[in-house]
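# Architecture and fold: a report
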Amino acid sequence: MRRNFAFVLVALLFALSVTPLMLNNLQLFSKEQESAQTALLAPSGPDLIQANWTHNHFPNPGFENWYSVWIPDDVYGTTSNDYLTNPVGAPHPVNEGLKSLMMQGRSLDGRALEFDVYNPNLHLAQGLDNLTLRFDWWVDQNIDDELDHDRIYLKLEFYPGWNIYYFLNGSVTAANSTNNAYFFLGGLIQQWNQFSRNITHDILSVPEFGGTIPSGSQLEEVKFTIRIQGGTTQYVRAYFDDVQLINATNGYEWINGTTRNGNFEGIGSWFHFPSGTNPGLRSRSSLAHSGSWSLNQSVISWGNNSWSRSSYSPGVRVTPQNPSELRFWWYLDEVRNPTENTYAYVEIECVNSTADFTFIYFLSHGGTVPHPTIITEFEQYVFYADNFNTTGSWHLFSLDLLTQAEQLFTTDEVLVENIQFYLRTEDTQTRIVLLLDDVSLVASAVNGAGFEDQRSVSEPIRGWGENTEYNEFTVTSTAYAGTKAANLTLNVGDNLYTDQDANYRPLNGTRETYLDIIWRLDQYTLASDNYVILRLSFDDEKSINYILIPTTRSGLTNDSTETYFNVTGIGTLNTWTQMHRDLVHDYEAAFGVIPSVRLTEFQLECSCNTGTALTFLMDDFYLYDDPAPTITNVLQTPQEPWFYDNVSIAADAFDQDLETVLLLYRVDGGSWQLEPMIHQTGDTFHAIIPVQPAYAVVEYYITANDSWGMITTQMNNTNYYSYTVLGFYTGPPPIPWVLIIGAIVAVLIIVVIIIVYYFILRPRQQE
């Protein structure tokens, strides 16, 4: 009996110890999840760690965008094309003597080309009575002159401001005016034509000139000109000979035969010969460091000057707080027969508070005489780039502009005014070819930022208005953040206009672009001629204007090209206020479309002409792009959950236009479950993964999206975050819990049967 009772007792203890745990597990599984809530937005305002507030100030840095195969977008430059003016003899056409004047040119890059020869001494011709001009001309070639409007003409310039154009070949649409008159002569091709006209008569025949010749009138210049519109790449060529200019009243011959070289047999008197330029080209090349294209600059000489230049004026101010490097990749493709007049270099024109100076870095230079390292009279500092004169491979040029300047003189700033890539050669059979790619000059998008890199208090603000300094726009210690800000103080009668380049900052529907300014108005008088306006100009000739102080100025009305916004807090005195503007949506509100433009310029226009002084303070002036949301600091609590634990997931998420933050999780590889994360404080969001059974494998990740449709997915490197639910047994998973519960129930039934048998039924049988 005792043995049976012990057995029953053991069975009961086992059942009682296991069953509550399993029931508890079932109870946790039956808990409802937390109700879904809409995620709150993160606080607004700039996060300069997360936002992109820098900008590459060199436009089209990879040279991927081209107006034509010859001209890269927004990178200014000049090429010489190919022209020549020179006295020549046989076998060239000559009408008199041994020589005539040849003029020939062609446009190789599709742009217009104009060149001329003239005699500057003809201004000595007093009086216009019966003035007669004669010369001979030969049009050797002018292809498609009617289609492309390539033209050969003579221009006579007179005091008091008249110009007469005689078109010897080619066409143009032009009408007479009070200053200009046009005569179309239409010379024949491949033969000598004679020009012989009474200039005085022609002047009087132009009604727009008034029909009289004022006393003291005179001929100032005779100029032969060829204008090429760039439609073809073939030469336009003409010859001139035996120029004679005669004032018939007194019979004095100004030009005749050798007088002032009218027959072109000698030299002198006429400008632009012997002179000319051989081809200098800019074009795109498929031999690129990255992307599809690079910039090819090439020069070749047949004895004349040949040069090519590409440049840009960034106007960016480099300081210790706003550092920048000029970087580009260069490839010296060919250097043929170089002389000391054959070279390629990058020139960086700079200015600081005390001096204008230029850095010149030679990439290639011919000849045996080295270039001087410093040309002091021009404040030019000359160096040789790494891999100087090395051909056939790409090389990286990298220059810390401020560090270089600090090595030469005491300074804490460099305003980069111009960057120029220049090639030149001028000796027979010389040639140089240079490729450029991936140019960068990365710095703050605006010369403002926190103003901490400005000079001492009361000194003029640097970086606006190119390098002009304004005593009304100065550094102040009354700052929102840090120790410096900008103080604009105008007294009655003062006006200020200043600007700075935005260097073609893109503005479109694929990125969030913001303008942030912390500003404060200390004193002003409401009047029509008192105002402070910040204007943003775009490359589609539209502008957005932010009115920063109250004004009754008329004309501030919106139209199809210009819109005005009153900023938040306008008129509030002695209080720092944030001007936080979404430029894309401001543009859309102003002009009805999502922009696809580029920001070109900031303009600050101010006036104070009524009442007391106007005092306006500005700090933390930033232009920046806000990329896709950021997700950081993912935290799981607890790190090792049991089968009865809810799991808390927290993360920091930020974006200027954050919409939702979501937690996605799945159990044992099943379907993904979505749980909105709830905003707590600051940038922190939170969600719960409900209890899961012991030994379940839970995987999860987090996403955040903004109003622009940009999405960020945060994972554990390239894997999902994951954890395995703990149970009492830490080895391999045991028999599934359903079987365990079934076994427990079976044990309980057996125990009950035993109890009933031994304590109820059997005693009755013994009776």
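Residues numbered from 1 in each chain as written. Predicted model: local features only at pLDDT ≥ 70, side-chain atom pairs only at ≥ 80, totals over all residues. Heavy atoms only, no water.

The next point concerns the overall build of the chain. In terms of regular secondary structure, the chain is built from six helices and 47 strands. Looking at the 767 residues of the chain, the share that counts as buried comes to 50%. Excluding contacts between residues fewer than 6 apart, the proportion of contacts in the chain whose partners are at least 24 apart in sequence is 73%. Surface summary for the chain: the accessible area is close to 34400 Å², and the carbon and sulfur share equals 51%. (Helix = DSSP H or I, 4+ residues; strand = E, 2+ residues; numbered from the N terminus. Buried < 20%, exposed > 50% of the residue type's maximum accessible area, 1.4 Å probe, protein only. Contact = heavy atoms within 4.5 Å. Areas by Shrake-Rupley, 256 points an atom, 1.4 Å probe, with all protein chains shown as cover.)

This paragraph deals with the nonpolar core. Formed by 52 residues in total, the largest nonpolar core has its most connected members in Phe473, Leu515, Tyr546, Phe602 and Phe616. Element by element, the count of residues in this core is highest for strand S38 (residues 614–626), at seven residues. Beyond its immediate chain neighbours, meaning those up to four positions away, Phe473 contacts Glu459, Pro460, Ile461, Trp464, Ala486, Asn487, Leu488, Leu496, Leu604 and Met618. Leu326, Leu332, Ala344 and Ala443 belong to the second largest nonpolar core, which has 40 residues in total. (Core = buried A, V, L, I, M, F, W, Y, C linked by side-chain atoms within 4.5 Å.)

Tallied over the full model, the rule gives 29 salt bridges. Across the pair Arg134 and Asp242 runs a salt bridge, and its minimum N-O distance is 3.3 Å. Of the two residues, Arg134 sits in strand S8 (residues 131–141) while Asp242 sits in strand S14 (residues 236–247), which places them 108 residues apart along the sequence. A single burial state applies to Arg134 and to Asp242, both of which are buried. A salt bridge links Arg535 to Glu605; its shortest N-O distance comes to 3.2 Å. Note that Arg535 is positioned in strand S33 (residues 531–538) and Glu605 in strand S37 (residues 596–608), a separation of 70 residues in sequence. (Salt bridge = Lys/Arg side-chain N within 4 Å of Asp/Glu carboxyl O.)

To continue, consider the sheet that holds strand S43 (residues 678–679). The strand order S39-S40-S44-S43 describes an open sheet built from four strands, whose pairing is antiparallel. Edge positions in the sheet fall to strand S39 (630–637) and S43, since each of these pairs with one other strand and no more. Across two bridges, the pairing between S43 and strand S44 (residues 684–689) is antiparallel. From the neighbouring strand, His679 faces S44, where its bridge partner is Phe685. (Pairing = 2+ DSSP bridges.)

Moving on, we get to the side chain of Ser440. Examined against the element boundaries, Ser440 turns out to sit in strand S28 (residues 430–444). Discounting residues that sit within four places of it in the chain, Ser440 has contacts with Asn56, Glu325, Leu326 and Arg327.

Now for helix H5 (residues 583–591). If you check which residues of H5 are buried, you get Leu583, Val584, Asp586, Tyr587, Ala590 and Phe591. Seen end-on, H5 carries its buried residues on one side only, within an arc spanning 165°. N-capping of H5 is provided by Asp582, with a side-chain oxygen placed 3.2 Å from the backbone N of Val584. Just downstream of H5, Gly592 is the residue with a positive phi angle, here 85°. (Arc of directions from axis to C-beta. Polar contact = N/O pair within 3.5 Å; in protein donor to acceptor, adjacent residues only side chain to side chain.)

Right, let's talk about the confidence of the model for the chain for a bit. For the chain, mean pLDDT is 85; residues scoring 70 or higher make up 86% of the total. By mean pLDDT, the top-scoring element of the chain is strand S26 (residues 394–400) (97), and the lowest-scoring one is helix H1 (residues 2–29) (42). (pLDDT = per-residue confidence, 0-100.)

This part takes up the sheet that holds S37. Spatially, five strands are ordered S31-S37-S33-S34-S35 in an open sheet, and the strand pairing comes out mixed. One side of each edge strand has no neighbouring strand; the edge strands of this open sheet are strand S31 (494–508) and strand S35 (562–566). Averaged over all adjacent pairs, the angle separating strand axes in this sheet is 20°, with direction ignored. One ladder, built from twelve bridges, connects S31 with S37; its direction is antiparallel. What sits directly across from Pro506, in S37, is Arg598. Across the sheet, H5 touches S31, S33, strand S34 (543–547), S35 and S37, and the angle it forms with S34 is around 105°. (Axes fitted to C-alpha atoms, helices over the stretch in contact; angles between N-to-C directions.)

Buried residues dominate strand S10 (residues 162–169), accounting for eight of its eight residues. Relative to S10, strand S9 (residues 151–159) is paired through seven bridges, and the arrangement is antiparallel. Within the sheet, the bridge partner assigned to Phe158 lies in S10 and is Trp162. The antiparallel pairing of S9 with S10 creates a hairpin that spans two residues between the two strands, and Gly161 there sits at a positive phi of about 115°. Bridge analysis of S10 against strand S11 (residues 180–184) gives five bridges, and the strand direction is parallel. The residue bridging Tyr165 from the neighbouring strand is Tyr182, located in S11.

Here the focus is the packing of aromatic side chains. Applying the stated criterion across every chain, the model contains 55 aromatic pairs. When the centroid spacing of 4.7 Å and the interplanar angle of 15° are considered together, the rings of Phe328 and Phe397 count as stacked. In this pair, Phe328 sits in strand S21 (residues 325–336) while Phe397 sits in strand S26, placing the two residues 69 residues apart along the sequence. Residue Phe328 shares its accessibility class with Phe397, and that shared class is buried. Against the face of Tyr531 rests Arg553, its NZ or CZ located 4.1 Å from the ring centre. (Phe/Tyr/Trp six-rings, centres within 6.5 Å; stacked < 30°, edge-to-face > 60°. Lys NZ or Arg CZ within 6 Å of the ring centre and 35° of its normal.)

Right, let's get into the pairing of strand S23 (residues 356–365). For S23, a buried count of nine out of ten residues is recorded, marking the element as mostly surrounded by other parts of the structure. As paired elements, strand S22 (residues 343–351) and S23 share nine bridges and run antiparallel to each other. Bridge pairing links Glu347 to Ile360 in S23. Adjacent in sequence and paired antiparallel, S22 and S23 are bridged by four residues. Where S23 and strand S25 (residues 380–384) come together, five bridges link them in parallel fashion. Bridging from a neighbouring strand, Thr358 pairs with Gln380 of S25.

Structurally, Ala650 is set in strand S40 (residues 647–654). Look at Ala650 and you get buried, because its relative accessible area is 15%. Counting along the chain gives 27 residues from Ala650 to Met677, while the straight-line C-alpha distance between them is 8.2 Å. Ignoring any residue separated from it by four or fewer positions in sequence, one finds Ala650 in contact with Asn633, Val634, Leu635, Met677, Thr684, Phe685 and His686.

We now examine unusual backbone geometry. Put simply, Ala90 and Pro91 share a cis peptide bond, and its omega is 15°. Following Thr637, the chain continues to Pro638 via a peptide bond in cis, the omega torsion being -5°. Within the element layout of this structure, Pro638 appears in the loop between S39 and S40.

Further remarks concern the environment of Thr660. Secondary-structure assignment places Thr660 in strand S41 (residues 658–667). Spatially, the C-alpha atoms of Thr660 and Thr703 are 8.2 Å apart, while their sequence positions differ by 43 residues. Side chain to side chain, Thr660 and Asn705 meet in a polar contact 2.2 Å long.

Side chains of Val745, Ile749 and Ile753 sit close together on the surface and give an oily, nonpolar patch of about 270 Å² of accessible area. Its location among the elements puts Val745 in helix H6 (residues 737–766). Relative accessible area serves as the criterion here: at 42%, Val745 is assigned to the partly exposed category. (Patch = residues over 30% accessible without salt bridge, like charges linked within 9 Å, V, L, I, M, F, W, Y side chains within 5 Å.)

Let us now look at the environment of Leu441. Structurally, the position occupied by Leu441 is in strand S28. A relative accessible area of 1% places Leu441 in the buried class. In contact with Leu441, not counting residues within four places along its chain, are His55, Asn56, His57, Pro314, Val316, Ser324, Glu325, Leu326, Leu401, Val416 and Ile419.

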